[in-house]
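Residue-level structural notes
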Amino acid sequence: MGRVIRTLKIGTGLAALAVAGAAVWLAVAPPELLRVGTGYAAKIVCSNVFVAGRDPDEVLRVDVQAPGNPLLKLLRVSVDRDEGVVTAYMFGLFAPGKAVNRPGMGCASVPDGDVAAAGTISWPGPQPQTAIASSAPWPNGAGPAEADPAIAKLLADPALTGPNMRATLVIHDGRLVGEAYGPGFGPQTPLIGWSMTKTVTAALVGLRVGQGALALDKDHLFPEWEKDGRAAIRIRHLMGMESGLSYNEDYGDVSDVTRMLYLQPDQPAFAAAQPLADAPGTRFYYSTGTSVLLAKLVMNSFPDRRQGLTFPAAGLFLPLSMGSAVLEADERGWLSGGSYLYATGRDWAKFAQFLLQDGVWQGHRLLPEGFVQMMWTPTAASGGSYTQGQMWKAGPQEKAGESQLPAETVYMRGHDGQTIAIIPSKKLIVLRMGLTPSRLGYKPQPLISAVLERFSQ
């Protein structure tokens, strides 16, 4: 009996040591996967609280935990509204991830934990506009949609708008003819575009091209590329996702994209450090790091980095009266041009209308002639599915040429079900945003087809 008791004591002691050892390991050197999880949670909660004005508990439950990895269920988040800091912990104790709100720049993940240093980077100058007071119809004011009963019926059909829809808008011939929102969301709610942000970054490049500060065939883009084959990479290659840089865009684990977004304080430095895997211009490979590099090139095109930081607001959002738009920056203050633009559905639609109008707004040409057509033109390396300007010719879950929609249809697309379809000859825009992981199988094409049929009668 005594031997059994001694064995149990030894076993209990070893188990306690194992638990203590695991706790020390998690506290001192938590695995990257846990750090990605807490970094992601802190960033998403921060942006939705301070930019979108949502409840943090709801954001944690609905946006972070519901659609993701089971480990995310173990996260706990605290929000310091006075300091603008969000902290997420695994098991309530380990692998802390932090994000900080910087007004005008939105929230930044702080992978190194130095919130004080991150907070020293601030918006230079007056804060961007946040609202439109006019009651005029869209796009000039905040007035109600010019409701089309047939469109309203389509937007009321959940089979067409899909699960977890947050905003669906239809623009025809420059008029907002229908809009619908999910519970808790409305015309004033800023929504993350995820990779739809890439198309906005491409337009920012176009603005600087038109101003003579950038050229699509410019090479020798970064000092660290001067001594190897990366010196041959041109802005044109980056625009079409044909840089040849090695990059892993898998969101299911710790990969280049999750490491860049949640473990690196300087996103473009990480993207620029990737080695060359293919000759520039020969292979299509979708990469958020590519768009981050484009955003840095836009900022570098100004003599003062502060001008580069404010350029999206001053050069694009203000002229288009996109008062809600916030293009967030990373911890070091570089624009996060691949993922993190927040704007209301109505303001996202303004940007799409701007493209539909060939880069002209209120009679003023902002993008050079031919630039939008270039943005819509598919690349050979992508097999026709991706364009020369950070857009898609193929809709979600389809290959180039499979769609029953007009061949001219072009898309902005983002993670978790963000899409804006533009059909130029029909002067038609169909926006659909939500929290709809691809595993749910939703495709916006039936909705777009139904809307198109309405205006083809």
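Above this text sits the structure in question.
In this report, the structure presented in the accompanying data block is examined. Worth saying up front: this structure is predicted, and the values here are computed from it rather than measured.

**Structural notes on the pairing of strand β14 (residues 428-434)**
- A large share of β14 lies buried, amounting to seven of its seven residues.
- Residue alternation in β14 divides its side chains into two sets, L428, V430, R432 and G434 and I429, L431 and M433, and both sets are buried.
- As judged from the seven bridges shared by strand β5 (residues 165-172) and β14, these two strands associate in the antiparallel manner. Each residue of the ladder has a partner; that of L169, found in β14, is L431.
- Strand direction decides the pairing type here: strand β13 (residues 418-423) and β14, joined by five bridges, are antiparallel. Bridge pairing in β14 links I422 to I429.
- Here β13 folds back onto β14, and the loop between the two strands holds four residues, one of which, K427, carries a positive phi near 50°.

**Some thoughts on the pattern of salt bridges**
- For the structure on display, the rule yields 18 salt bridges.
- Between R54 and E58 there is a salt bridge; the shortest N-O distance is 3.7 Å.
- The partner of R283 in a salt bridge is D278, and the shortest N-O contact between them spans 3.4 Å.
- Several salt bridges share partner residues, and in doing so they unite R54, E58, D63 and R166 into one network.

**Looking at the nonpolar core**
- Within the largest apolar cluster, 105 residues are counted, with the highest numbers of intra-cluster contacts made by W348, L355 and I422.
- Contact partners of L355, with chain neighbours within four places excluded, come to T199, L367, V372, M375, W376, M391 and I422.
- Counting 26 residues, the second largest nonpolar core, distinct from the first, contains L154, M165, F284 and L452.

**Some details on the packing of helix α7 (residues 196-210) against helix α11 (residues 288-300)**
- Relative to each other, α7 and α11 sit at 30°, their axes nearing to 9 Å. When the interaxial angle is binned, α7 and α11 end up roughly parallel. The interaxial crossing formed by α7 with α11 has left-handed handedness. Taking contact as the criterion, the partners of K198, T201, L204, V205 and R208 in α7 are, on α11, T288, S291, L294, A295 and V298.
- Grouping the amino acids of the contact of α7 with α11 by side-chain chemistry returns five nonpolar, three polar and two charged.

**Some thoughts on helix α2 (residues 32-50)**
- The terminal C-alpha atoms of α2 lie 26 Å apart, and with 19 residues this matches the ideal 27 Å at 1.5 Å per residue to within 8%.
- Of all 19 residues in α2, 15 are buried; the element is thus mostly enclosed.

Conventions we followed
Residues numbered from 1 in each chain as written. Predicted model: local features only at pLDDT ≥ 70, side-chain atom pairs only at ≥ 80, totals over all residues. Heavy atoms only, no water. Buried < 20%, exposed > 50% of the residue type's maximum accessible area, 1.4 Å probe, protein only. Helix = DSSP H or I, 4+ residues; strand = E, 2+ residues; numbered from the N terminus. Pairing = 2+ DSSP bridges. Salt bridge = Lys/Arg side-chain N within 4 Å of Asp/Glu carboxyl O. Core = buried A, V, L, I, M, F, W, Y, C linked by side-chain atoms within 4.5 Å. Contact = heavy atoms within 4.5 Å. Axes fitted to C-alpha atoms, helices over the stretch in contact; angles between N-to-C directions. Parallel < 35°, antiparallel > 145°, perpendicular 65-115°, else oblique. Left-handed = near helix turned anticlockwise from the far one by under 90°. Nonpolar A, V, L, I, M, F, W, Y, C, P; charged D, E, K, R; others polar. Expected span 1.5 Å × (residues − 1).

Interpretation in functional terms is not warranted from these geometric data alone.
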